[in-house]
Amino acid sequence: MLEDILRFDDRFLGRAAQMTDEEVLLRFRQCPTAFYCILELLGSRSHLRGYFIILPITGVCAAAIRRDEVTAGKQIRLTDLLRPNQTSEAAYLSVVCADGARARSALIASAIQVVRNLYWSRGTRYLFARAATVAGARMLARLTGQRFAPDGIIHEIDLSRYSTITSSK
């Protein structure tokens, strides 16, 4: 599936993240549970319709983002990523891509569920995200109920303030 993600939407991931396939592969190996796919089932086959990446990051990395030392996901190093079984105070919403309105809607609902799971199971309280597109700004607005501009600035979201996340499962 990673190969499909790398090719999806005319190689959007590499362009958006400004990373090579090799750099993405290294992140995937370090943190495979950070990659989420939106699939459309057509009979016995499935087709990739979108994906998003939520990287669990170290406290050191979160502090660097707060100090504006990290201003883009590309600057997050492999040593800043946590393994799937580690608690994570913060996560970085790295790349979001979907093909069509239905896929975008499914992606937003899935991303909210993933963030909710991170909050409850891994102790993730802060989400860092930068809305680089109008669709990304809409997703953050749906998550928080606040308006976001597609300004490309990393925003820190305190997840404990939003019932979308903190409400019981």
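See the structure shown above.
Residues numbered from 1 in each chain as written. Predicted model: local features only at pLDDT ≥ 70, side-chain atom pairs only at ≥ 80, totals over all residues. Heavy atoms only, no water.

Q: Run through the pairing of strand 1 (residues 35–42), naming residues and quoting values.
A: In terms of strand pairing, strand 1 meets strand 2 (residues 45–57) through eight bridges, oriented antiparallel. Within strand 2, the position partnered with F35 by the bridge is I53. In textbook terms, the turn of a hairpin is the stretch between consecutive antiparallel strands, and for strand 1 and strand 2 this stretch comprises two residues, one of which, G43, has a positive phi near 65°. (Pairing = 2+ DSSP bridges. Helix = DSSP H or I, 4+ residues; strand = E, 2+ residues; numbered from the N terminus.)

Q: If you had to explain the pairing of strand 2 to someone new, which residues and values would you point to?
A: When strand 2 meets strand 3 (residues 90–98), the two strands line up antiparallel, connected through seven bridges. Looking at the pairing, I54 lines up with L93 of strand 3.

Q: A description of the nonpolar core should follow, citing residues and the corresponding values.
A: Counting 30 residues, the largest nonpolar core has L13, I57, I65, Y92 and F128 as the members making the most contacts within it. No other element matches the six residues that helix 1 (residues 2–17) contributes to this core. Leaving out residues up to four positions away in the same chain, L13 has contacts with I5, L6, Q18, V24, Y51, I53 and V95. Membership of the second largest hydrophobic core comes to 26 residues, among which are I54, A111, A129 and I157. (Core = buried A, V, L, I, M, F, W, Y, C linked by side-chain atoms within 4.5 Å. Buried < 20%, exposed > 50% of the residue type's maximum accessible area, 1.4 Å probe, protein only. Contact = heavy atoms within 4.5 Å.)

Q: So what's going on with the sheet that holds strand 3? Which residues, and what values?
A: Strand order across the open sheet formed by five strands is 1-2-3-4-5, with mixed pairing between neighbours. The sheet is open, and its two borders are formed by strand 1 and strand 5 (154–158), each paired with just one other strand. The average angle at which neighbouring strand axes cross in this sheet is 25°, direction not considered. Across four bridges, strand 3 lies against strand 4 (residues 126–130) in parallel orientation. The partner of A91 across the bridge, within strand 4, is L127. (Axes fitted to C-alpha atoms, helices over the stretch in contact; angles between N-to-C directions.)

Q: For the packing of helix 1 against helix 2 (residues 21–30), give the residues involved together with the corresponding values.
A: In the contact formed by helix 1 and helix 2, the axes pass within 11 Å of each other and the chain directions differ by 135°. Considered as vectors, helix 1 and helix 2 are oriented oblique to each other. Relative to helix 2, helix 1 is oriented so that their crossing is right-handed. Here helix 1 contributes L2, L6, R11 and L13 to the contact with helix 2, which in turn contributes D21, V24, L25 and F28. Partitioned by chemical class, the residues of the contact of helix 1 with helix 2 number six nonpolar, no polar and two charged. (Parallel < 35°, antiparallel > 145°, perpendicular 65-115°, else oblique. Left-handed = near helix turned anticlockwise from the far one by under 90°. Nonpolar A, V, L, I, M, F, W, Y, C, P; charged D, E, K, R; others polar.)

Q: Any details on the pattern of salt bridges? Residues and values, ideally.
A: Close approach of charged atoms allows side chains with opposite charge to pair. With the rule as written, the count across this model stands at seven salt bridges. Between E156 and R66 there is a salt bridge; the shortest N-O distance is 2.7 Å. Here E156 is found in strand 5, whereas its partner R66 is found in helix 3 (residues 59–66), with 90 residues between them in sequence. A relative accessible area of 38% means that E156 is categorised as partly exposed. Residue R77 is joined to D80 by a salt bridge in which the shortest nitrogen-to-oxygen separation is 3.0 Å. Taking relative accessible area as the criterion, R77 reaches 49% and is therefore assigned partly exposed. Via salt bridges that share partners, R66, E89 and E156 belong to a single interconnected network. (Salt bridge = Lys/Arg side-chain N within 4 Å of Asp/Glu carboxyl O.)

Q: Report on the layout of surface pockets, specifying residues and quantitative values.
A: Quantified by volume, the largest pocket comes out at close to 540 Å³. Taken together, 29 residues form the lining of the largest pocket, with F12, S94, V95, V96 and A132 sitting closest to its centre. Breaking the lining of the largest pocket down by element, the ones donating at least two residues are helix 1, strand 3, helix 4 (101–122), strand 4 and helix 5 (134–144). Counting residues per element, the lining of the largest pocket draws most heavily on strand 3, which supplies seven residues. Here the lining of the largest pocket is built from residues that sort into 19 nonpolar, five polar and five charged. Where the lining of the second largest pocket is concerned, the elements lending two or more residues are strand 1 and helix 4. Along the lines of polarity and charge, the residues of the lining of the second largest pocket split into four nonpolar, no polar and four charged. (1 Å grid on protein atoms, 1.4 Å probe; cavity = no way out; pocket = protein on both sides within 12 Å on 5 of 7 lines; lining within 4 Å. Points joined across faces, edges and corners; volume = space filled by probe spheres on them.)

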